[in-house]
Amino acid sequence: MALSSLVVAASANAQTTDDLFNGAVLQSIQVTMHSRDWETLRANFTSNDFYPADVTWNGLRVRNVGVRSRGLGSRSGIKPGLELNFAHYSSRSEFLGLKSLVLDNLTTDPSMIRERVAMELLRRLGIPASREAHTQLYVNGQYAGLYAVVEPVDSTFVARTLGDGSGALFEYHWLQPFFATYLGDNLDIYRPLFEARSQQTKSTFDLYDPIRELFRTINDAPADTFRDAVNKYLDLESTLRLLAAESFLAEWDGVLGYAGMNNFYLYRDAATGQSRMLPWDADHAMIGAEYPLLSGANENVLMRRSLEDPVLRQRYFSSVSEAMQSAAAGDWLAREIAAEAQQIRESAWADPTKPYSNEEFDAAIAELTVFAQKRFAFVAKQIETLR
Amino acid sequence: MAILATTSAIGSCASPPHGEGFAVRRCILRLANALLVTMLVAAPALAQNSTNSAQDSGTIRWDDGSFRAGDALRLEPHARFQTDMLLRDPDGSVDDRFDWPRRRIGLDGELFSRVEFQIERELEDDTPWRDIYGDVKISRAIRVRAGRFKVPFSTEQTTSGFDLDFLERPSAVEAMSPSRDLGVMVHGRSDRFKYEAGVFRHSDGYTLPSDDGVTLPSNGRRLGLVAGRVAFAPIRDDKDGFTRDLEFGAAVTRSTVPEGLHGIVGHTIADTRFFEHMYVNGARTRLGVNGKWAAGQVTLKGELLQVTDERQAQAISGEDLSSLITRGAYLTGIWRAYGKHGHKKASVDIAARFDRLSFGSGNQTDEPFTNPRADHVAPLSQRTWTFGATWNINRWVRVQGNAIRDQLVDPLGVRDLAPTGQWTALGRLQFGL
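What counts and how
Residues numbered from 1 in each chain as written. Chains lettered and ligands numbered in written order. Predicted model: local features only at pLDDT ≥ 70, side-chain atom pairs only at ≥ 80, totals over all residues. Heavy atoms only, no water. Pairing = 2+ DSSP bridges. Helix = DSSP H or I, 4+ residues; strand = E, 2+ residues; numbered from the N terminus. 1 Å grid on protein atoms, 1.4 Å probe; cavity = no way out; pocket = protein on both sides within 12 Å on 5 of 7 lines; lining within 4 Å. Points joined across faces, edges and corners; volume = space filled by probe spheres on them. Nonpolar A, V, L, I, M, F, W, Y, C, P; charged D, E, K, R; others polar. Domains from an automatic or database assignment. Axes fitted to C-alpha atoms, helices over the stretch in contact; angles between N-to-C directions. Contact = heavy atoms within 4.5 Å. Buried area = accessible area lost by both parts, 1.4 Å probe. Salt bridge = Lys/Arg side-chain N within 4 Å of Asp/Glu carboxyl O. Core = buried A, V, L, I, M, F, W, Y, C linked by side-chain atoms within 4.5 Å. Buried < 20%, exposed > 50% of the residue type's maximum accessible area, 1.4 Å probe, protein only. Phe/Tyr/Trp six-rings, centres within 6.5 Å; stacked < 30°, edge-to-face > 60°. Lys NZ or Arg CZ within 6 Å of the ring centre and 35° of its normal. Expected span 1.5 Å × (residues − 1). Polar contact = N/O pair within 3.5 Å; in protein donor to acceptor, adjacent residues only side chain to side chain. Parallel < 35°, antiparallel > 145°, perpendicular 65-115°, else oblique. Left-handed = near helix turned anticlockwise from the far one by under 90°.

Moving on, we get to the pairing of strand E1 (residues 60-63) of chain B. Along any regular strand the residues' side chains alternate between the sheet's two faces. With four bridges joining them, E1(B) and strand E2 (residues 66-69) of chain B adopt antiparallel strand pairing. For Trp62(B), the partnering residue across the bridge sits in E2(B) and is Phe67(B).

Written out as structure tokens, the structure is:
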């Protein structure tokens, strides 16, 4: 037993997460579960209950992995989105240094590539964003569909991208339209919006007082001190870079989303106490080539007041330009869309559980191709007009 | 014939067609009918053997809480209540600190000094009925009990909740013991020995406290439980010797548990679950030994318990898993600080108990995991110290106080557990008529 563990460990060491998230390769993941557990998971797909499974990737087998249904609008009993939690049944377990993995079921995006393309661009811009690759998923030997294997935003991710994961990480939950307004003194209001993903044993005050003060400052700070006052709680430089990139990508369900803030994490640095936003779930990116650059900006207090500050306004539009130039360089965006579409087409067509027809898949890819052709001119014109 | 009537009623409860609630009510009604038949049939026959009954049957009186019609009939209604107060909880977050763990009314009785019976129910509970049984005394060595009553296994579990040395039974006893079930049992005793052996339904309709309220579906399989317990008391009520009482016993049960998440669970004193259900499928075997030694004002007693659950075809790949093994033990020491033994008069007892409940599996060599299909189940144990005082003010009123420290120990460090134990303090007022 010890020898076999060493062999597995040696094999695991030979491969890294770079191999797992290597987008140049269409990955293949095998999940083995008790057939009754798989039936139960699909029948109770709204539940977060974990079920044990063995997971195999590239010849590496991980035993006793916790598997659960995941997602919000994408939850499905036919094609469940899955979390693979390697540490759920043993705090000592991990896989390639990861505590967990997300298998995105790609059910909200007929093209199945929006999120991966968006995250790829964010990373090109130096914004900490999850690594992703497409994968064929087999459950008990049967093809269960095309998924995206996504690096979760957790303390491991934060440590990799920011150098230190010892701070407090919060997952933002959309509960109702929220536009960065001040919600009042009661800390219990902030707790369900920002679920602590680390340091859960800390007191409510320690966790949520800085968040309350952040939104109080965003709303109440005088205009002439807004930048410095907010910057004490929120890294405005990185925040505006993220907002600018999402604006270029026409992300209508992001931080400046159509129904309020959505799809981000908040990470508070342990040393400085300053927070930064981390992107998540960009499957509604590239919604349209003529999606307005400042859509949602006026409703969101943080964005509206940032644009009222001349320095921050300049930074924002510079960041949009930077995103645009990066996506245009070497026709990167169009080539990336074409490459990913080509890579997954056969598997997507064969996907027996996707909620779209093959014709709808092709049409969605064609829409993205049009986006890549027309977005630059539209954004350039908007920058010229709005700057 | 009377026994046959009762066992027939129990057998006819085996496959409920209209849901569990209906099945429970139907079984209780049939059981009540069967008990009635038992008494009606047994009484005349037994009356012929009772010479006293003919002499005293005309005397009707109320005597010390009992209604008596000579020796022909004794009826003893009772009502017993316990109210608890949580004096200290581990995290100070409990709002409602009062509880009524038991509020019971019942009727004990005896017919012609040959047939005893008991009916008891909780005043407010989803499954209110407790004991409902008849007990026919054929001789001192042979008695037959039929109905719903506690399966003989742990001595602590079969001790009434109103006679416990502490507010709660040991965690191992709570978790590992079968509770009440429908069945038929032969039991009896001599000067030194006593025995109990029975068969029980152990399936549809009734929840099993040891399985944390899970109702076990039969899936068409014939379920059932056989149980036996023997005890040997080489010394009993010796007022002169160093040992006043000495007793040893052993018990075994065997049952079939259907496939599902029906493994035994562990609860902390604060009632949070620390060990979840595991998938099991197959035979469940319980083994227990117990001992008691009393000398002067001091009593020591304890039990060792083990439950083994088969896990046929429960691996992720569908193969068999190693058996799930749950072990438990406790040792109690009691000092009677005031009052005499064997009297239900005023007394004060000071007591301490250590108990341990541990979970694991037959496979102890592979990498351990906590998942419900792990072959090597990561071991986990709960260790609890309980210190208490019991003041029996009189035969009706009792006051108890307990300080409890429980701690979870994960010897292989698979889980993230708090390193220190938790203290809980409870007080109880109990009264009964």
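Turning our attention to empty space enclosed by the protein. Residues and elements named next belong to chain A. According to the stated counting rule, one finds five cavities of 30 Å³ or more in the structure shown. Volume-wise, the largest cavity comes out at about 70 Å³. Considered as a void within the structure, the second largest cavity measures approximately 50 Å³ in volume. Ala118, Met119, Leu122, Glu246, Leu249, Glu251, Pro279, Trp280, Ala282 and Ala285 are the residues that line the second largest cavity. Counting residues per element, the lining of the second largest cavity draws most heavily on helix H4 (residues 114-124), at three residues. Each residue belonging to the lining of the second largest cavity can be placed in one class, and the counts come to eight nonpolar, no polar and two charged. There are two domains that each give the lining of the second largest cavity at least three residues, and those are domain 1 (3-150) and domain 2 (160-326).

Residue and element names in this part refer to chain A. Spatial strand order, E9-E8-E10-E11: four strands in an open sheet with antiparallel pairing. Where the open sheet ends on each side, the last strands, each with one partner, are strand E9 (194-196) and strand E11 (275-279). The mean angle between the axes of side-by-side strands here comes to 30 degrees, regardless of whether they run parallel or antiparallel. In this sheet, E11 lies alongside strand E10 (residues 264-268) in antiparallel orientation, the contact comprising five bridges. Its bridge partner lying in E11, Phe264 is registered against Pro279.

Counting residues at the interface gives 17 residues for chain A, matched by 22 residues for chain B. Taking both partners together, chain A and chain B bury about 1,600 Å²; carbon and sulfur atoms supply 48% of that area. The largest share of the area that chain A buries against chain B comes from His34(A), Tyr89(A) and Arg92(A), three residues that together contribute 33% of it. Taken together, the connections running from chain A to chain B amount to two salt bridges. Per element, the largest residue contribution to the side of chain A that touches chain B is three residues, and it comes from strand E2 (residues 51-57) of chain A. The residue inventory of the side of chain A that touches chain B, partitioned by class, reads five nonpolar, seven polar and five charged.

Residue and element names in this part refer to chain A. Within the largest apolar cluster, 91 residues are counted, with the highest numbers of intra-cluster contacts made by Phe194, Tyr316 and Leu333. The element contributing the most residues to this core is helix H13 (residues 358-386), with eight residues. Here this core spans two domains, and each of domain 1 (3-150) and domain 2 (160-326) adds at least three residues to it. If we ignore the near neighbours within four places in the chain, the residues touching Tyr316 are Leu240, Leu243, Ala244, Ser247, Leu293, Leu294, Met303 and Leu307. Of all hydrophobic cores here, the second largest spans 29 residues; its members include Tyr51, Leu82, Ala133 and Val139.

In this section: the pairing of E2(A). Residues and elements named next belong to chain A. A large share of E2 lies buried, amounting to six of its seven residues. Bridging between strand E1 (residues 27-33) and E2 involves five bridges; their strand directions are antiparallel. Directly across from Val31, in E2, lies its bridge partner Val55. Sheet analysis places E2 next to strand E3 (residues 60-70), joined by six bridges and oriented antiparallel. Looking across to E3, one finds that Thr56 is bridged to Arg61. Hairpin remark: E2 followed by E3, antiparallel, with two residues in the connecting loop; positive phi at Asn58, about 55 degrees.

One can expect most non-glycine residues to show negative phi and most peptide bonds to be in trans. The phi dihedral of Asn263(A) is positive, around 60 degrees, even though this residue is not glycine. With respect to the helices and strands, the residue Asn263(A) is situated in the loop between helix H9 (236-248) and E10. Judged by its relative accessible area of 10%, Asn263(A) is buried. Positioned with a positive phi, Asp237(B) is a non-glycine residue whose angle comes to about 55 degrees. Tracing the backbone through its elements, the reader meets Asp237(B) in the loop between strand E10 (225-235) and strand E11 (245-261).

So, on to the packing of aromatic side chains. One pass over the full model with this rule turns up 23 aromatic pairs over all chains. Considering the side-chain rings of Phe194(A) and Phe215(A), the 5.9 Å spacing of their centres and the 40 degrees angle between planes classify their relative orientation as tilted. Highlighted residues: Phe194(A) in strand E9 and Phe215(A) in helix H7 (residues 204-220), separated in sequence by 21 residues. Just as Phe194(A) is buried, Phe215(A) falls in that class too. Clustering of aromatic rings is evident, with ring pairs tying together Tyr172(A), Phe178(A), Phe194(A), Phe215(A) and Phe264(A). Looking at Arg145(B), its charged tip hangs above the ring of Tyr133(B), at a distance of 4.2 Å from the centre. The side chain of Arg373(B) reaches across the aromatic face of Tyr279(B), ending 3.6 Å from its centre.

Moving on, we come to H9(A). All names here are of chain A. For H9, which comprises 13 residues, the first-to-last C-alpha distance of 18 Å matches the rise-based estimate of 18 Å (1.5 Å per residue) to within 8%. Burial runs high along H9: 11 of the 13 residues are buried. The set of residues buried in H9 consists of Leu236, Ser238, Thr239, Leu240, Leu242, Leu243, Ala244, Ala245, Glu246, Ser247 and Phe248. Buried residues along H9 sit in contact with H4, helix H8 (226-231), E11, helix H10 (301-308), helix H11 (310-328) and H13. Capping of H9 at its N-terminal end is provided by Asp235; its side-chain oxygen lies 3.2 Å from the backbone amide nitrogen of Glu237. Once H9 ends, the next one or two residues include Ala250, with phi positive near 55 degrees.

Residues and elements named next belong to chain A. One closed barrel accounts for seven strands, arranged E1-E2-E3-E4-E5-E7-E6; its pairing is mixed. When strand polarity is set aside, the average angle formed by the axes of neighbouring strands in this sheet is 40 degrees. The strands touched by H4 are strand E5 (100-104), strand E6 (132-139) and strand E7 (142-150); relative to E6, the strand with the most contacts, the crossing angle is about 145 degrees.

It is worth spelling out the packing of H11(A) against H13(A) at this point. All names here are of chain A. It is at 11 Å that the axes of H11 and H13 come closest, and there the two elements cross at 160 degrees. The orientation of H11 with respect to H13, classified from their angle, is roughly antiparallel. Every pair of crossing elements has a handedness; the one defined by H11 and H13 is left-handed. Along the contact surface, H11 presents Arg313, Phe317, Val320, Ser321, Met324, Ala327 and Ala328, while H13 presents Phe376, Val379, Ala380, Ile383 and Leu386. Residues of the contact of H11 with H13, tallied by class, amount to 10 nonpolar, one polar and one charged.

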